[in-house]
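# Fold and contact review
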Amino acid sequence: MHPFFSRFILPACVLASSASAQVKLRIDTDWLFARQDAANGWQHVTLPHCYNALDGVNPDAKYYQGTGWYRTSLRIENPYPEGHTLLEFEGAGQKTEVYVDTTLVGTHVGGYDRWTVDITRFGNGPIPVVVRCDNSRDVQMIPSNLSDFCLYGGLYRHVNLLYMPKDYIEDVCIDVWGNRITVDQQYPLQVEIIAPDGKRVYRGDNRKPITIKHPMLWDVDAPQCYTARIRYGEQRIEKRFGLRTFEFKEHGPFYLNGRRLLLNGTHRHEDHAGVGAAMTDEQIRREMQQIKDMGANFIRLGHYQQNDD
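My aim in this report is to walk through the structure given alongside it, one point at a time. Predicted model only: the values in this text are computed from it and were never measured. Sequence positions are assigned chain by chain, starting from 1 and proceeding in written order. Where local features are concerned, this predicted model is filtered to residues with pLDDT of at least 70; where side-chain atom pairs are given and counted, the filter is 80 or more; whole-chain, interface and lining totals use all residues. With hydrogens and water stripped out, all remaining heavy atoms of the structure feed into the side-chain values.

### Looking at the overall build of the protein
Each helix corresponds to a stretch of at least 4 residues labelled H or I by DSSP, and each strand to a stretch of at least 2 residues labelled E; elements are numbered beginning at the N terminus. What the protein contains, in helices and strands, is 1 helix and 22 strands. Relative accessible area decides the class of each residue, using a 1.4 Å probe on protein chains only: under 20% of the type maximum gives buried, over 50% gives exposed, and in between gives partly exposed. Buried positions account for 47% of the 309 residues belonging to the protein.

What follows is the structure, given as structure tokens:
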């Protein structure tokens, strides 16, 4: 290995969505919502939706901590014989229960990570789905309720319907060390690696690490990414990742890809006036562009998982 690549290496910057869906349908519309303490019944809402969008930033009143209910009707049309149907929640706060009609099909604790519920057993056709979110005070939760920021409630990130083949894998891990790439070896996979310039640099299996000759490096001003196209039976998975090196000189500066880089940073929480934690994709992109435009090349994220789309 070239000595340049023997320095510390940042992990792959994987950019694909989780669950590696063969078919992914966003189901953000046609939801009804009711807060537990509300007297005006069900309201039509579109996801992402946060029921602390306004009171979470009201300095004169305590924000609502309690239960919020969501319901909708889904028409399931899984195209795969003996395939699997999953509901994917990109973020729901803070404790969640999922029902099909009155049957509890899944629970989750944690407001900012992505998770799935298998609803295959209900077959194709229309099914009623009800989701209970709860951000009530709980000192055992992480982040702690003893913290000084609002723990939002609601389906404040996208909800997706996933159709998977009979045999599928949840996700594929790509590890990078220098110019060597290891694609998850738990499963027999067929792999194709496409360079940032569109040229194919590898085609084969994942039985041993893949060496990239003359790698094109990810950089703050040129975020070049490789694409891994992965096949597992009927399943097709696509991941994007970057190759880059970094080093902190002893008692000295920071180096990226062998050159000195001054880190100019800021801090970011994923919330916004008027929507709380339910930021739209457009708002997130605009905020990232504003951070870039003001000269920052480094972001310290809030104390929880950020939206990874």
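What follows continues from the structure just given.
### Here's the deal with the layout of surface pockets
We place a 1 Å grid over just the protein atoms. Points where a 1.4 Å probe fits but has no way out form a cavity, open points with protein on both sides within 12 Å along at least 5 of 7 lines form a pocket, and any residue with an atom within 4 Å of a point lines it. Grid points are joined across faces, edges and corners, and a volume is the space filled by probe spheres set on the points. Reported here for the second largest pocket is a volume of approximately 210 Å³. If you go around the second largest pocket, the residues you meet are Gln 190, Val 191, Glu 192, Arg 203, Gly 204, Arg 229, Ile 230, Arg 231, Arg 236, Ile 237 and Glu 238. Sorting the residues of the lining of the second largest pocket by element identifies strand 13 (190-194), strand 14 (200-205), strand 16 (226-232) and strand 17 (235-241) as the ones contributing at least two each.

### So, the pairing of strand 14
Between any two strands, pairing holds if DSSP finds at least two bridges. Across 5 bridges, strand 13 lies against strand 14 in antiparallel orientation. Bridging from a neighbouring strand, Glu 192 pairs with Arg 203 of strand 14. Joining the antiparallel neighbours strand 13 and strand 14 is a turn of 5 residues, in which Gly 198 adopts a positive phi near 90 degrees.

### A few points about the sheet that holds strand 19 (residues 254-256)
Judged by pairing direction, the sheet is antiparallel, and its 3 strands sit side by side in the order 18-19-20 without closing on themselves. Two strands close off the open sheet at either side, each with one partner strand: strand 18 (246-248) and strand 20 (259-260). Both strand 19 and strand 20 contribute to a ladder of 2 bridges, which runs antiparallel. In the sheet register, Tyr 255 faces strand 20, and the bridge partner there is Arg 260.

### A look at the pairing of strand 2 (residues 31-35)
Here strand 2 lies mainly inside the structure; 4 of its 5 residues are buried. Two strands pair when backbone bridges link them, and strand 2 and strand 3 (residues 43-45) are joined in this way by 3 bridges, in the antiparallel orientation. When the sheet's bridge partners are listed, Leu 32 is paired in strand 3 with His 44.

### Examining the state of the cysteines
Note on disulfides: each one is a pair of cysteine sulfur atoms within 2.5 Å. With the rule as written, the count across this model stands at 0 disulfides. Counting only cysteine sulfurs, Cys 50 is the nearest neighbor of Cys 133, a cysteine outside any disulfide, at a range of 9.9 Å.

### Comments concerning the pattern of salt bridges
The salt bridge criterion pairs a side-chain nitrogen of Lys or Arg with a carboxyl oxygen of Asp or Glu, the two atoms within 4 Å. Applying the stated criterion across every chain yields a total of 22 salt bridges. The partner of Glu 88 in a salt bridge is Lys 24, with the nearest N and O atoms 3.9 Å apart. Of this pair, Glu 88 sits in strand 5 (residues 84-89) while Lys 24 sits in strand 1 (residues 23-26), and the two are 64 residues apart along the sequence. The class of Glu 88 is buried, set by a relative accessible area of 0%. The exposure class assigned to Lys 24 is partly exposed, which follows from its relative accessible area of 31%. With a closest N to O distance of 3.6 Å, Arg 114 and Glu 90 form a salt bridge.

### What to know about the environment of Tyr 70
Among the secondary structure elements, Tyr 70 is positioned in strand 4 (residues 67-76). Residue classification places Tyr 70 among the buried positions, given a relative accessible area of 0%. Between the C-alpha atom of Tyr 70 and that of Asn 40, which follows or precedes it by 30 residues, the distance is 15 Å. A distance of 3.4 Å separates a polar side-chain atom of Tyr 70 from the backbone nitrogen of Leu 155. Polar contacts here mean pairs of N or O atoms no more than 3.5 Å apart (in protein, one a potential hydrogen donor and the other a potential acceptor; neighbouring residues in sequence count only if both atoms are side-chain atoms).

### So, the nonpolar core
Counting residues in hydrophobic clusters, the biggest one holds 28 residues, and the most contacted among them are Trp 31, Tyr 70, Leu 87, Phe 89, Ile 119 and Leu 155. When residues of this core are assigned to their parent elements, the largest contribution, 4 residues, is made by strand 9 (residues 125-134). Nonpolar cores are built from buried Ala, Val, Leu, Ile, Met, Phe, Trp, Tyr and Cys residues. Side-chain atoms within 4.5 Å join them into one set. Residues Ile 174, Val 183, Ile 212 and Tyr 226 belong to the second largest nonpolar core, which totals 19 residues.

### As for helix 1 (residues 281-293)
Expected span of a helix, by definition, is 1.5 Å for each gap between consecutive residues, and there is one gap fewer than residues. When the terminal C-alpha atoms of helix 1 are compared, their 18 Å separation across 13 residues agrees well with the 18 Å that a helix rising 1.5 Å per residue should span. Those residues of helix 1 lying buried are Gln 283, Ile 284, Glu 287 and Ile 291. Within helix 1, the buried residues cover an arc of 100 degrees as seen down the axis, which keeps them to one side. Across from the buried face of helix 1, at angles greater than 90 degrees, the exposed residues are Arg 285 and Asp 293. The contact criterion used throughout is that any non-hydrogen atoms of two residues lie within 4.5 Å. On its buried face, helix 1 sits against strand 21 (265-268) and strand 22 (298-301). In this description, one arc is meant: the one made by directions from the helix axis to the C-beta atoms.

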